[in-house]
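# Reading the structure
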Amino acid sequence: MGRIFSGVQPTGNLHLGNYLGAIRNFVQLQGDYECIYCVVDLHAITLWQDPTKLRAQTREIAAAFIAAGIDPINSIIFNQSQVPAHAELAWIFNCVARMGWLNRMTQFKDKAGKHRENASVGLYVYPDLMAADILTYKATHVPVGEDQKQHLELTRDIAQKFNNDFETDFFPLTEPLIFGAATRVMSLRDGSKKMSKSEESDLSRINMTDTDDEIAKKIRKAKTDPDPLPGLDCLIENGQFEPAFERARPEAANLISIYAALAGVSLSAAIGETEGQQFSDFKRLLTDVAVEKLAPIGSEMRRLQDAPDHLDEILRDGRQRANAIAQPILQDVHQIVGFLRP
Ligand code: AQP
C-alpha cells in the first residue's frame with residue numbers, strides 16, 4: 001500500500017478551490033492508501049500570522065478535514081509544528097537544494113511580488129520545507145491542486161540529489177496526484193487569477209463556512225461574459241477545454257468546471273446539460289448544487305469548531321502517530337548524512 005501525505009495552510013478563508021483541488025481528493029484516497037494529512041502551520045508563518053487567529057485557523061482546517069469526510073481513526077491528522085522532524089529535515093534539504101532551483105519557483109515570485117527584498121527567508125525556502133513534509137514520511141503520492149505541481153517537481157529533484165550525493169536510494173521519487181474536474185479553481189471576480197485565501201475581495205471566493213445566502217450572493221455577482229453557455233465544440237478530445245476557449249472565456253470555463261466538479265459529472269455532461277443557457281439561469285443551477293454540497297460541510301465545521309478540546313485531542317493523537325513514522329526515518333537520514341549519535 002502506498003503512503004499519501006498532503007497539507008493545507010491554516011491561513012484563514014478556506015475556500016472552494018482548496019476543497020475541490022485538494023481536500024475532496026484526500027477523502028477519496030482513504031482506503032487505497034495509508035493517509036497522513038497535515039495542517040501546515042510552519043508554512044503559514046512564512047507570511048505574518050496573528051497568533052490568536054493562527055490557533056483558531058489551525059482548528060478550522062482540522063475541522064474541515066473531518067467535516068469533509070476524513071476519518072481521524074484511519075487517517076492521521078495533525079499540525080506540522082508538533083512533529084519536529086519536518087523542520088529538521090527541511091534544514092538538511094536547505095543544504096541539498098540549489099539557489100537556482102528556488103529562484104525558478106513561481107509561487108515565491110507571485111507571493112513576494114515587487115517586495116522581494118522584504119519577503120521572509122522562510123517564504124523563499126518554503127519548497128524545501130514542503131519536500132521535507134513529504135519525505136519525512138517517505139510518502140509515495142501527494143494529492144494537490146495544479147498550483148503545487150512545480151513544488152512537487154522540486155521535491156523529486158531534492159530526493160534525487162540527496163540519493164545521488166549520498167549514493168543511496170533512500171528517498172522515493174514521489175508522484176503528484178492531481179485529479180478531479182476542478183484542479184485549478186479560479187477567482188469568481190477574475191477568471192485569470194486562481195481562487196485564493198489571501199485575495200482581498202471576499203467576493204472572489206466561496207469560503208467553506210459561507211452561509212447559503214453568502215454562497216448565492218457570490219455566485220450571483222460572479223463575473224461572466226455576454227454570450228450564452230457554450231456547446232461541446234469548446235472541448236478537445238481528452239474532455240478538457242480547448243485552450244483558445246479558456247483564454248477567450250475564462251469565467252465561463254471556470255463556472256462550468258465548478259459546476260461539473262460539484263455535481264460529480266464530466267465537463268462534457270455539464271456542457272450537454274447547460275448548452276445555450278443564459279448565465280442568469282445557469283447561476284441558479286450552480287447555486288443549488290453548491291449549497292447542497294457545501295452547506296452540510298460548513299455546518300459540520302462550525303459544530304466541530306465549537307468543541308475545540310475534541311479537535312485538540314484528535315491533533316494530539318495524530319501527532320503521536322506521525323512522530324512514530326517520522327522519527328526512525330529522520331534517524332536514518334542522520335546516519336546517512338554522517339551526524340554523530342551520542
Ligand atoms: N484555486 C485552487 N484550485 C484548486 N486547488 C487549489 N489549492 C489552493 N488553491 C486552489 C490547493 O489547496 C491545497 C492547500 O493549499 P494551501 O493552503 O497550501 O495554500 P495555497 O496553495 O497557497 O492556496 P491558497 O488557498 O491560494 O492560499 P494563499 O492565498 O495563501 O496562497 C493545495 O493542494 C493547493 O494546490
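Procedures and definitions
Residues numbered from 1 in each chain as written. Predicted model: local features only at pLDDT ≥ 70, side-chain atom pairs only at ≥ 80, totals over all residues. Heavy atoms only, no water. Phe/Tyr/Trp six-rings, centres within 6.5 Å; stacked < 30°, edge-to-face > 60°. Helix = DSSP H or I, 4+ residues; strand = E, 2+ residues; numbered from the N terminus. Buried < 20%, exposed > 50% of the residue type's maximum accessible area, 1.4 Å probe, protein only. 1 Å grid on protein atoms, 1.4 Å probe; cavity = no way out; pocket = protein on both sides within 12 Å on 5 of 7 lines; lining within 4 Å. Points joined across faces, edges and corners; volume = space filled by probe spheres on them. Nonpolar A, V, L, I, M, F, W, Y, C, P; charged D, E, K, R; others polar. Domains from an automatic or database assignment. Contact = heavy atoms within 4.5 Å. Buried area = accessible area lost by both parts, 1.4 Å probe. Salt bridge = Lys/Arg side-chain N within 4 Å of Asp/Glu carboxyl O. Polar contact = N/O pair within 3.5 Å; in protein donor to acceptor, adjacent residues only side chain to side chain.

### With respect to the packing of aromatic side chains
Taken as a whole, this structure holds 14 aromatic pairs when the rule is applied. Aromatic side chains Phe-93 and Phe-162 sit 6.4 Å apart centroid to centroid with 75 degrees between the ring planes, which places their arrangement in the edge-to-face category. Placement of Phe-93 in helix 4 (residues 85-94) and of Phe-162 in helix 9 (residues 149-165) is noted, with a sequence separation of 69 residues between them. The class for Phe-162 is buried, based on a relative accessible area of 0%. Ring geometry for Tyr-259 against Phe-282: centres 5.7 Å apart, planes inclined by 70 degrees, an arrangement best described as edge-to-face. With a gap of 23 residues between them, Tyr-259 in helix 12 (residues 250-263) and Phe-282 in helix 14 (residues 279-305) connect regions that are remote in the sequence. An aromatic cluster is present here, built from Phe-93, Phe-162, Phe-166, Phe-170 and Phe-171 joined pairwise through their rings.

### Considering empty space enclosed by the protein
Inspection of every chain in the model, using the stated rule, returns two cavities of 30 Å³ or more. By volume, the largest cavity amounts to about 40 Å³. Lining of the largest cavity is provided by Met-105, Gln-107, Phe-108, Leu-123, Tyr-126, Pro-127 and His-151. At the level of elements, helix 6 (106-112) and helix 8 (126-135) are the ones that each hand at least two residues to the lining of the largest cavity. Here the lining of the largest cavity is composed, by residue class, of five nonpolar, two polar and no charged. Of the pockets and cavities examined, the second largest cavity occupies roughly 30 Å³. Looking at the second largest cavity, the residues that line it are Asn-207, Met-208, Asp-210, Ile-215, Leu-294, Ala-295, Gly-298, Ser-299 and Arg-302. Per element, the largest residue contribution to the lining of the second largest cavity is five residues, and it comes from helix 14.

### A closer look at the domain arrangement of the protein
By domain assignment, the protein separates into domain 1 (3-182 + 308-337) and domain 2 (202-304). Distance from the C-alpha centre of domain 1 to the C-alpha centre of domain 2: 29 Å. The interface is formed by 18 residues belonging to domain 1 together with 16 residues belonging to domain 2. Of the roughly 1500 Å² buried at the junction of domain 1 and domain 2 (both faces included), carbon and sulfur atoms supply 74%. If you sort the residues of domain 1 by the area they bury against domain 2, Leu-16, Ala-67 and Ala-181 come out on top, with a joint share of 34%. The interface formed by domain 1 and domain 2 includes zero salt bridges. Linking domain 1 to domain 2 there are three residue pairs in polar contact (both at pLDDT 80 or more). Every element with two or more residues in the side of domain 1 that touches domain 2 is listed here: helix 1 (16-29), helix 3 (51-68) and helix 15 (308-337).

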